[in-house]
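So the chains spell out like this:
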Amino acid sequence: MDLRIFTEPQQGATYDTLLTVAKATEDLGFDAFFRSDHYLRMGNVDGLPGPTDAWITLAGLARETKRIRLGTLMTAGTFRLPGVLAIQVAQVDQMSGGRVELGLGAGWFEEEHKAYGIPFPKEKFARLEEQLEVVTGLWGTAPGKTFDFHGTYYDLADSPALPKPAQQKIPVLVGGHGPSRTPRLAAKYADEFNMPFGSVEDSERQFGRVRAAAEEAGRSGDELTYSNALVVCVGRDDAEVARRAAAIGREVDELKLNGLAGSPAEVVDKIGRYAEIGSSRIYLQVLDLDDLDHLELISAQVQSQLA
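Definitions and cut-offs
- Residues numbered from 1 in each chain as written.
- Predicted model: local features only at pLDDT ≥ 70, side-chain atom pairs only at ≥ 80, totals over all residues.
- Heavy atoms only, no water.
- Helix = DSSP H or I, 4+ residues; strand = E, 2+ residues; numbered from the N terminus.
- Buried < 20%, exposed > 50% of the residue type's maximum accessible area, 1.4 Å probe, protein only.
- Contact = heavy atoms within 4.5 Å.
- Areas by Shrake-Rupley, 256 points an atom, 1.4 Å probe, with all protein chains shown as cover.
- Lys, Arg positive; Asp, Glu negative; His and termini not counted.
- Charge placed at Lys NZ, Arg CZ, Asp CG, Glu CD.
- Pairing = 2+ DSSP bridges.
- Salt bridge = Lys/Arg side-chain N within 4 Å of Asp/Glu carboxyl O.
- Polar contact = N/O pair within 3.5 Å; in protein donor to acceptor, adjacent residues only side chain to side chain.
- Axes fitted to C-alpha atoms, helices over the stretch in contact; angles between N-to-C directions.
- Parallel < 35°, antiparallel > 145°, perpendicular 65-115°, else oblique.
- Left-handed = near helix turned anticlockwise from the far one by under 90°.

**Some thoughts on the overall build of the protein**
Consideration 1: Counting secondary structure elements, the protein contains 11 helices and 12 strands.
Consideration 2: Each of the 307 residues in the protein was classed as buried or not, and the buried ones make up 54%.
Consideration 3: Considering only contacts in the protein between residues 6 or more positions apart, those separated by 24 or more positions represent 72%.
Consideration 4: Summed over all atoms, the accessible surface of the protein reaches about 13500 Å², with 50% contributed by carbon and sulfur.
Consideration 5: Side-chain charges of the protein comprise 32 positive and 45 negative groups, with the mean position of each set lying 3 Å from the other.

Now the structure itself:
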């Protein structure tokens with residue numbers, strides 16, 4: 001089971017804070033550092049000092065880290081033109097020496113679009129499908145050849161399809177709870193399917209839909225990696241769990257029901273239940289980015305048992 005650290009910087013974090021967490025992620029043996037792609041806080045927090053851009057952040061981290069994978073859960077398709085996004089991600093991949101992964105979603109948070117003057121189209125899912133085709137098509141175009149695409153929302157003519165990533169193929173993540181269109185997109189474009197904040201039972205059903213869609217598309221269901229994203233709150237005892245839950249404004253019982261919370265043994269046991277239904281990677285949503293002791297505890301008493 002791969003454990004990856006997943007952050008939500010729109011809730012309030014500087015680049016320096018994210019760099020500290022990314023370096024701890026690397027030093028403590030976790031597989032990857034991922035971040036959300038949002039420009040506006042959510043819930044009852046002040047969001048200070050303000051948002052950081054996902055791909056600018058990852059570009060900086062690409063030069064400051066050596067081993068960990070770097071990526072997004074999920075880049076909002078509404079924020080970037082697909083041709084520009086292909087350039088950005090390929091460049092960061094070069095900067096990292098080939099350690100980047102792209103999670104791409106449709107975009108959903110209307111308030112942040114209003115706050116920063118970003119258009120919020122109605123046809124987000126249909127746009128996402130074209131975006132996936134453009135981004136992967138640009139990367140997959142042989143050097144010296146050109147790429148053309150004529151869709152409903154995007155039109156590219158005689159693109160040199162440059163730059164190329166350092167990796168032969170940047171892994172693409174698609175995720176979500178949708179019962180039909182999401183599995184179809186994953187089957188067509190994704191290397192990994194991510195189930196965000198879903199129960200073991202819901203994850204098992206969705207993984208099954210994705211496997212079936214892959215088979216229908218002529219792929220083996222085993223070609224995809226299946227993963228979950230879950231909030232994490234681990235403590236050496238009940239008091240420490242309660243303190244960490246209070247620090248992120250959550251209740252312990254709710255976290256145990258909907259996330260990975262409790263003692264290291266409890267969390268290892270629940271991760272095992274996800275492993276049993278085919279999940280091989282967990283993105284640990286860490287909400288208190290100043291609590292590095294939390295990461296150290298997870299590394300020492302959770303990750304060590306899963307190795």
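**Points about the pairing of strand β7 (residues 155-159)**
Consideration 1: Examined bridge by bridge, strand β6 (residues 147-150) and β7 share 3 bridges and lie antiparallel to one another. Bridge pairing links Phe147 to Ser159 in β7.
Consideration 2: Between the end of β6 and the start of β7, which pair antiparallel, lie 4 residues.

**What to know about the pattern of salt bridges**
Consideration 1: On inspection of all chains with the given rule, the structure shows 23 salt bridges.
Consideration 2: When the shortest N-O distance is used, the salt bridge between Asp31 and Arg4 registers 2.6 Å. Pair noted here: Asp31 is in the loop between α1 (15-27) and β2 (32-35) and Arg4 is in strand β1 (residues 2-7), with a separation of 27 residues, a long-range link.
Consideration 3: Note on Arg4: relative accessible area 1%, which makes it buried.
Consideration 4: Among the salt bridges present, the one from Glu254 reaches Arg250, with a minimum N-O distance of 2.9 Å.
Consideration 5: Glu254 sits in the partly exposed class, given a relative accessible area of 27%.
Consideration 6: If you follow the salt bridges from partner to partner, you end up with Arg236, Glu240, Arg243, Arg244, Asp291 and Asp293 in one network.

**As for helix α2 (residues 54-64)**
Consideration 1: Every buried residue of α2 is accounted for by Ala54, Trp55, Thr57, Leu58, Ala59, Leu61 and Ala62.
Consideration 2: Looking at the packing, one finds that the buried side of α2 touches α1, β2, β3 (69-72), β4 (75-76), α3 (82-96) and β5 (100-105).
Consideration 3: Where α2 begins, one side-chain oxygen reaches toward the backbone nitrogen of Trp55, 3.1 Å away; that side chain belongs to Asp53.

**Section: the packing of helix α10 (residues 264-276) against helix α11 (residues 292-306)**
Consideration 1: At a minimum axis distance of 10 Å, the contact between α10 and α11 shows a crossing angle of 40°. In terms of axis orientation, α10 runs oblique to α11. The way α10 lies across α11 gives a crossing that is right-handed. Every residue of α11 that contacts α10 at Pro264, Val267, Val268 and Ile271 is listed here: Leu297, Gln301, Val302, Gln305 and Leu306.

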